[in-house]
Amino acid sequence: GMNFRFDPAGIGEMLLDVNRRLPKIPIFITETGTACDSDFEEADERRSEYYLESFKAVAKAQKDGVQVKAYLAWTLFGNFE
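First, a word on scope: everything that follows refers to the structure included in this document. (Residues numbered from 1 in each chain as written. Predicted model: local features only at pLDDT ≥ 70, side-chain atom pairs only at ≥ 80, totals over all residues. Heavy atoms only, no water.)

Our next topic: the overall build of the protein. Of the regular secondary structure elements, the protein holds two helices and two strands. Listing each helix as α and each strand as β along the protein from the N terminus yields α-β-α-β. Counting every position in the protein, which comprises 81 residues, the buried fraction comes to 26%. Here the analysis covers contacts within the protein between residues at least 6 apart in sequence; of these, 68% occur between residues at least 24 apart. Carbon and sulfur atoms make up 56% of the accessible area of the protein, which amounts to about 6,300 Å² in all. (Helix = DSSP H or I, 4+ residues; strand = E, 2+ residues; numbered from the N terminus. Buried < 20%, exposed > 50% of the residue type's maximum accessible area, 1.4 Å probe, protein only. Contact = heavy atoms within 4.5 Å. Areas by Shrake-Rupley, 256 points an atom, 1.4 Å probe, with all protein chains shown as cover.)

The first and last C-alpha atoms of helix α1 (residues 10–21) sit 17 Å apart over 12 residues, in line with the 16 Å expected at 1.5 Å per residue. Among all positions in α1, only G10, I11, G12, L15 and N19 are buried. (Expected span 1.5 Å × (residues − 1).)

By themselves these figures say nothing about function.
The following block contains the structure:
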């Protein structure tokens, strides 16, 4: 509903780019996820797909030498601001 691009693999591309610019810097992913405005079942499928594909991309980036130290996902109760 927010017209954002759905590209969970894009996090891997971003990690590789940051690693090229700032090599050997530990990276903490502090907020990631996807917004859905569809029914719960469809939203859960989309969210599951997002996390699975983004985890794969992060794991590949780690294999390629990116020092990802943490991955914190958005949750229902995770917004305290």
